[in-house]
There are 2 protein chains.
Amino acid sequence: MGYYIKDITVLTWEQGIKIITNANVKVVGSKITYIGTEDQDDSGTDIIDGKGKVLMPGLVNAHTHIPMTLLRSYADDMAPHTWLYEHIFPVEAKLTPEDVYWGSQLALLEMIAGGTTCFADMYCFIDKIAEATAQSGLRGLLSRGLINGAVLEDYSDDDRLNEAVSVFHEWDGAMDGRIRIALAPHAVYTCSPQYIKAIRNMAEKLNAYIHVHVDETVKEHNDCLQQYGKTPVKHLYDIGLFDLPTIAAHCVHVTDKDMDLMKEKNVAFVHNPGSNLKLASGVAPVPDALNKGLNVALGTDGASSNNNLNMWEEMNLASLIHKGSRLDPTAVNAAEAFKMATVNGASALGFSDTGQIKEGFKADMIIIDAQKPYYYPKHKLISNIAYAAQASDVETVFVDGKMLYHRGEYKTLDKEKILFNVEKTCERLFSK
Amino acid sequence: MGYYIKDITVLTWEQGIKIITNANVKVVGSKITYIGTEDQDDSGTDIIDGKGKVLMPGLVNAHTHIPMTLLRSYADDMAPHTWLYEHIFPVEAKLTPEDVYWGSQLALLEMIAGGTTCFADMYCFIDKIAEATAQSGLRGLLSRGLINGAVLEDYSDDDRLNEAVSVFHEWDGAMDGRIRIALAPHAVYTCSPQYIKAIRNMAEKLNAYIHVHVDETVKEHNDCLQQYGKTPVKHLYDIGLFDLPTIAAHCVHVTDKDMDLMKEKNVAFVHNPGSNLKLASGVAPVPDALNKGLNVALGTDGASSNNNLNMWEEMNLASLIHKGSRLDPTAVNAAEAFKMATVNGASALGFSDTGQIKEGFKADMIIIDAQKPYYYPKHKLISNIAYAAQASDVETVFVDGKMLYHRGEYKTLDKEKILFNVEKTCERLFSK
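Enquirer: Describe the overall build of chain A, listing the residues and the values that go with them.
Expert: Each helix and strand counted, chain A has 15 helices and 17 strands in total. Against the compact-globule benchmark of 22 Å for 432 residues, chain A has a radius of gyration of 21 Å, which places it among compact chains. Seen along its three principal axes, the alpha-carbon backbone of chain A occupies a region of about 65 × 45 × 40 Å. Within the span of chain A, comprising 432 residues, buried residues form 62% of the whole. Of the contacts formed within chain A by residues at least 6 apart in sequence, a portion of 73% connects residues at least 24 apart.

Structure below.
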C-alpha cells in the first residue's frame, strides 16, 4: 500500500532550497522511500500524475489554539483588554468539551485544505482536541494551557496540571506517534514562578516538551521587569524552563540578550506575524533571531486574532513585514520564510523526521497546483511560493503516508456534519 | 438579456457597511436594476442560485503595471537600486508591444479570477494593454508612463506625450466607457517641472485624469527636498497638477501638511501595502489620511514587487500593518479596508457608477463562495472578508453586466493560449 507520484517538481529544504524537476516520489506505508528521476516499481501503489504540480513538505503551524475558530470574527478592531476581558473570556468560560471538539474539527478542516500537516496547540479540554486530531489524520503537539490555580507549594494537587498529566498518559505517542502532549505554562503573567517550576519539573519527569507564550506585548514585558526585575525570557531561563525543549510563541519584545539565552538553550522562536499585527502587539525581531541562528518557526495563533489558520499568509507576512519595518529589502527572504514554515517548525515541535521531502522521512507532504496564473512565468519557484501562492493551491495532502485531502475532498472528516455542528454550537454559545 | 441572482447575501458600502440577506438582485444590460427581498420577473434572465454565497462589488486595483507579470519573481529580496537598474530596466528595454500584450493578458487572467473588476495602469505600449483589456471585459483607466524625453520647452514634440495623446484619442471612452485613458507623469524624480506642467496642460485640454507616483521612498522625498526645496506633494501642487483629478500612488512618506494639500485638491491616496513592504519603501500614513477624510484606495503595484495582483491580500495587509506598526488595534478596521478596495477605488478612478451594489449602478460585481471553513461561524461577515477570505473564494465575476468568469471558467480569455504565449515570450525575453 502506498503512492507513486510521477513527473512532479519537488521543492524542499536541505542546507538550502532544493528543487528536483521531473521527479518520481514513492511512498510506502508512512514513509517516503524514493525520490529521484528514475522509474520505480509502481505495483501496489496509487499513481498520481504530478505534471504541472509541486510536491513540498506540509506546513507546520507552530503556535495556535484551534478551538478558537468558534470565536473567529467575533471581536475585532478593538483594544486588547476590551477584546480579551469583555469578549473572549466570557465566551470561553461557557465552553464545553463538546464545543471544543467541534471548534477543533472546524480548524482541522481549514488546516488540511490549506496544506498544514502539523501543529502545536495550547487550549483546554485537550482530550477533545486530541480526539479530533486523531480522527483527522493530522500531526499535533497538544498542550493544556496552565494558569495558576492551586494553593499547594508543590502543586501536586493542582487540577489543571493533573489534567494535563492525565492527558499526557492517555495520548502522548498515540496514533503511531502522530499525537504528542506538551506541558504549557501559559505565560509569565498568568503563572507564578513556583507554578512554572512545578510544571517544568513535571515535564522533566515525563520527558515532555514545553509550549509557552513569551513576551507578546509591551505590557507583559514591562510588568515582568517591574515584578521580577528581569525580562520574561530571563525569568523563564532562571526558573530552568528552557532546560527542556521549548516552543516560545510570539517573542515580540525579546531583547538581544534574551535571544542569546534562547540560542544557548535552543528554544524555538515562534513568529506569529498575523496575530501580532492584528492585536497590535508589534513586530518581532525576526531578522535578528535569524542572524543569531535561532530556530524560527511560524504560527497563526488562534483564529480569533488572525482570523484564519492560513500558513501561506504567515509565510507571506513573515517575508514582507520585516523588509518594510526595517527598510531593508533583503530581510527575511523567500527561502527563509519557506524554511520557517516547514523544516524549522517540524524541528521546533520535535517531529524531526518530518518537514522535508527526504527518503526515510515521514510522508507529511502536499501537492500544489502550480498552473494558476500567478505561477507564471516560471522564473523562481521559491519566490512564487512565498510571495504569490495561495492556500487554495493545495490540491493533495498527505500525513504519515495517508492521503487526507484531494481536490476539495476530505478523506477523514465530514465537512457538512462539522459545519452543521459548529453552527449549532454557536447558537447556544452566543445566545444572550 | 440579463441575470437574476436569487437568495444571496449582498455586502456593500453605503454610508457604512450594508448587508442584505436573502436578497434577489436583477441585472439588465450593463446595470443593476433591482436589489431587494421581493420576487422579480425572471423572464429573459439567466438565474443564479445565491444560497450560501455573497454578492459584493468587484475589487478596484487603483495602481498597477499589469504587463510586469512577465517579471514576477524574476528579482526579489534585493536592494531597490540593484533590483531596478540591474534586473528590471534591462528587461524592460527589450519589451516589444507583443510582449506587453501577453503580459497584460496574464495579468487579466489573474485579476479576473481574483475578483478585480477595475484597475488603473501605468506602463508603455498601452494601446496593447487597451486591446487586451477590451478583450477581457475588465474596466480600466490606462496611462502611458511619461518620463522626460524631449528638449523643447513646450514639449509639443515629445514622443511619449504624443503617443499618450494619440492613445487617448483612440481609446478614451472605448467599449461603452469601460476603457479610459489618463496622463501619467511618472514621478517627480523622472520628470522635470516643465514636463509635468506640459502634461498637466495637455490633460486639462483633454479633460483627462492624472496618474502619478508620489513620495514612494525616503530617497525620492529627500532628493525632492534638496532639489526643489519642497516635498513631492508640494512640488506637484505648486505645478498645478492637482487641479486635475489625480491618482497619487504610494504616498509612503507624505507629511501631515502634504495630506492637507491632497485633501484640498481631492487627490486620491493609493495605498500599496504589499509593494511598499516588499521593496522596503516603508509604511504609508494611512490612518492619518483616513482621519483627514482623504479618499484612500488600494493597489497591488506591479507583480514584480508584490508578487501577485491579489487585492484580497492588499485588503488584509491594509487592515493589519497599521495596527502593528502603530501599536493601535483599532487602526484601519475591516470596513475601512473593504471600502478602500471597492467604492474608494471606483471613485478615485472616476468610474463613479461602480464600486457599490446599488440600483442604477453598473453591474461590476462578484459572487463569493462563503461556505469555506474560514467563513464559519457566521459572526461578522465584514471581518471574515477583510481578515480571513481568499481570492480563490471568488466564484463569479461580472463587469458591465457581462459574466467574465464562473467557477474557474473564463468567458472572454483563453487561458491555455495565454500561458503558452507567456512562456514563449519569456523564453525570448530572458535568453542571455
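There's plenty left to go through after this.
Enquirer: Please give an account of the relation of the copies chain A and chain B that cites residues and values.
Expert: Screw-axis analysis of chain A against chain B gives a translation of 0.0 Å along the axis, an RMSD of 0.0 Å, and a rotation angle of 180°. A rotation of that kind, with that shift, is consistent with a two-fold axis. Closest approach to the rotation axis within chain A is made by the C-alpha atom of S392(A), at a distance of 3.2 Å. Looking at the interface residues of chain A, 100% of them are also at the interface in chain B, so both copies use one shared face.

Enquirer: Summarise the domain arrangement of chain A; cite the residues concerned and give the values.
Expert: All names here are of chain A. Domains assigned within chain A are domain 1 (2-58 + 353-410) and domain 2 (59-348). Placing a centre on the C-alpha atoms of domain 1 and another on those of domain 2 gives a separation of 28 Å. With 26 residues of domain 1 at the interface, the matching set in domain 2 holds 30 residues. Breaking the side of domain 1 that touches domain 2 down by element, the ones donating at least two residues are α14 (381-388), β15 (394-399) and β16 (402-406). Top contributing element to the side of domain 1 that touches domain 2 by residue count: α14, with 5 residues. Tallied by class, residues from the side of domain 1 that touches domain 2 come to 16 nonpolar, 7 polar and 3 charged.

Enquirer: Break down the environment of C118(A) for me, citing the residues and quoting the values.
Expert: By the secondary structure assignment, C118(A) is in strand β7 (residues 116-123). When near neighbours in sequence (up to four residues on either side) are disregarded, C118(A) contacts G58(A), V60(A), L138(A), R139(A), G140(A), G345(A), A346(A), L349(A), F351(A), T354(A) and D364(A).

Enquirer: Hey, could you go over the environment of E98(A) for me, with residue numbers and the actual values?
Expert: Among the secondary structure elements, E98(A) is positioned in helix α2 (residues 97-113). Sequence spacing of E98(A) and F125(A) is 27 residues, and the spatial spacing of their C-alpha atoms is 8.9 Å.

Enquirer: So what's going on with the interface of chain A and chain B? Which residues, and what values?
Expert: Each partner contributes to the interface: chain A provides 52 residues, whereas chain B provides 52 residues. Mapped by element, the contributors of at least two residues to the side of chain A that touches chain B are α2, α10 (273-278), α12 (311-326), α14 and α15 (415-429) of chain A.

Enquirer: Describe helix α12 (residues 311-326) of chain B, naming the residues involved and giving the relevant values.
Expert: All names here are of chain B. Taking 1.5 Å as the rise per residue, α12 with 16 residues should run 22 Å; its terminal C-alpha atoms sit 23 Å apart, in good agreement. Remark: the principal bend of α12, roughly 25°, maps to L317. A positive backbone phi angle near 50° is found at L327, which sits one or two residues after α12.

Enquirer: How would you explain the environment of Q105(A) if you had to name every residue and give the values?
Expert: All names here are of chain A. If you trace the backbone, Q105 turns up in helix α2. Residues Q105 and T21 lie 84 residues apart in sequence; the distance between their C-alpha atoms is 36 Å. Non-local contacts of Q105, meaning those with residues more than four positions away in its chain, are made with A132, L413 and I418.

How each quantity is defined
- Residues numbered from 1 in each chain as written.
- Chains lettered and ligands numbered in written order.
- Predicted model: local features only at pLDDT ≥ 70, side-chain atom pairs only at ≥ 80, totals over all residues.
- Helix = DSSP H or I, 4+ residues; strand = E, 2+ residues; numbered from the N terminus.
- Rg over C-alpha atoms; globule rule 2.2 N^0.38 Å.
- Buried ≥ 20, exposed ≤ 12 C-beta atoms within 10 Å, placed from the backbone.
- Contact = placed C-beta atoms within 7 Å.
- Least-squares fit on C-alpha atoms with pLDDT ≥ 70 in both.
- Domains from an automatic or database assignment.
- Nonpolar A, V, L, I, M, F, W, Y, C, P; charged D, E, K, R; others polar.
- Expected span 1.5 Å × (residues − 1).
- Bend = angle between axes of the 7 residues up to and from the residue.

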